[in-house]
Amino acid sequence: MEKIAMLDISESGRQIGKKLFAVLESKQKKELTQYIFERDKQSDVDNPVVITPNHDSSEHQGYPLTKIYEGDLFFCLEQRIVCVQDQKIDLTAKEFDLLALLIRNPGRVFTFEMIMDLVWNEEDSFYSRKVIINHASNLRKKLRISDAVPDYIKSIRGVGYKFDSDCRGTT
């Protein structure tokens with residue numbers, strides 16, 4: 001059975017070309033995936049998805065983790081861990097996915113429609129704004145464990161939400 005693979009053509013974490021579409025057999029796809037993982041594992045270049053000023057080179061199963069540090073907030077995508085002031089925060093799957101979307105795109109405003117599509121994989125509907133508002137509200141409450149912790153999730157009235165990496169106050 002043939003499969004279609006989509007790849008970024010990159011060199012040392014820098015994109016050098018457009019997407020490449022190739023028709024591969026299952027065995028070829030597996031070999032290519034293994035080659036890419038091994039190449040990245042041996043590379044001296046940091047994985048470009050690791051966003052942290054004080055990069056910790058710890059790895060999980062040989063591959064770098066996506067870690068984001070923002071003030072007292074720690075986020076790890078692959079291990080689905082969120083900590084605030086070194087306290088682990090228990091999030092529902094959708095709360096985590098919403099935070100992942102926002103924190104990986106700081107400052108970018110996501111509309112309700114975009115969030116419904118990207119997090120819930122559904123089209124916008126009558127009840128979807130309420131669902132998003134409830135999840136965002138719960139997420140904000142869980143992250144704000146003390147008054148010293150800023151409100152990272154900002155509401156853009158009537159539009160949607162964004163992650164504010166330059167938060168100095170609350171909304």
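**Considering the pairing of strand β11 (residues 160-163)**
Stage number 1. In this structure, strand β9 (residues 110-111) lies alongside β11, joined through two bridges in antiparallel fashion. By the bridge assignment for β11, Phe110 is matched with Tyr161.
Stage number 2. In this sheet, β11 lies alongside strand β10 (residues 153-156) in antiparallel orientation, the contact comprising four bridges. Across the sheet, residue Ile156 finds its bridge partner in β11, namely Gly160.

**Concerning the sheet that holds strand β5 (residues 67-70)**
Stage number 1. In spatial order, the strands read β5-β6-β7-β8; together these four strands make up an open sheet with antiparallel pairing. Since the sheet does not close on itself, it has two edges, and those belong to β5 and β8 (87-88), each with one partner.
Stage number 2. By the bridge criterion, four bridges tie β5 to strand β6 (residues 73-76) in an arrangement that is antiparallel. Bridging across to β6, Lys67 finds its partner in Cys76.

**What about the state of the cysteines?**
Stage number 1. Enumeration over the complete set of coordinates arrives at zero disulfides.
Stage number 2. Looking at the unpaired Cys76, the closest cysteine sulfur is the one in Cys83, lying at 9.5 Å.

**Overview of helix α2 (residues 93-103)**
Stage number 1. In terms of residue burial, α2 counts as a mostly covered element, since eight of its 11 residues are buried.
Stage number 2. What α2 keeps buried is the set Glu95, Phe96, Leu98, Leu99, Ala100, Leu101, Leu102 and Ile103.

**What to know about the packing of aromatic side chains**
Stage number 1. Across all of its chains, the model carries four aromatic pairs by this definition.
Stage number 2. When the ring of Phe112 is compared with that of Tyr161, the centres are 5.9 Å apart and the planes differ by 85°; the resulting orientation is edge-to-face. Of the two residues, Phe112 sits in helix α3 (residues 112-119) while Tyr161 sits in strand β11, which places them 49 residues apart along the sequence.
Stage number 3. Ring geometry for Tyr152 and Phe163: centres 5.5 Å apart, planes at 5°, overall stacked. In this pair, Tyr152 sits in the loop between α4 (128-143) and β10 while Phe163 sits in strand β11, placing the two residues 11 residues apart along the sequence.
Stage number 4. What makes Tyr152 buried here is its relative accessible area of 4%.

**A look at the nonpolar core**
Across soluble globular proteins, nonpolar side chains show a tendency to be buried alongside one another.
Stage number 1. Core analysis: the biggest nonpolar cluster contains 30 residues, and Val82, Leu99 and Ile115 have the highest contact counts within it.
Stage number 2. Elements with a minimum of two residues in this core: β6, β7 (81-84), α2, α3, α4 and β11.
Stage number 3. A per-element tally of this core places α2 first, with seven residues.
Stage number 4. If we ignore the near neighbours within four places in the chain, the residues touching Ile115 are Leu98, Leu101, Phe110, Trp120, Ile132 and Tyr161.

**Details of the pattern of salt bridges**
Stage number 1. By the definition in use, this model includes four salt bridges.
Stage number 2. A salt bridge links Asp151 to Arg140; its shortest N-O distance comes to 2.8 Å. Here the residue Asp151 occupies a position in the loop between α4 and β10, and Arg140 occupies one in helix α4, the gap between them amounting to 11 residues. For the pair formed by Asp151 and Arg140, the shared burial category is buried.

The rules behind the values
Residues numbered from 1 in each chain as written. Predicted model: local features only at pLDDT ≥ 70, side-chain atom pairs only at ≥ 80, totals over all residues. Heavy atoms only, no water. Pairing = 2+ DSSP bridges. Helix = DSSP H or I, 4+ residues; strand = E, 2+ residues; numbered from the N terminus. Disulfide = S-S within 2.5 Å. Buried < 20%, exposed > 50% of the residue type's maximum accessible area, 1.4 Å probe, protein only. Phe/Tyr/Trp six-rings, centres within 6.5 Å; stacked < 30°, edge-to-face > 60°. Core = buried A, V, L, I, M, F, W, Y, C linked by side-chain atoms within 4.5 Å. Contact = heavy atoms within 4.5 Å. Salt bridge = Lys/Arg side-chain N within 4 Å of Asp/Glu carboxyl O.

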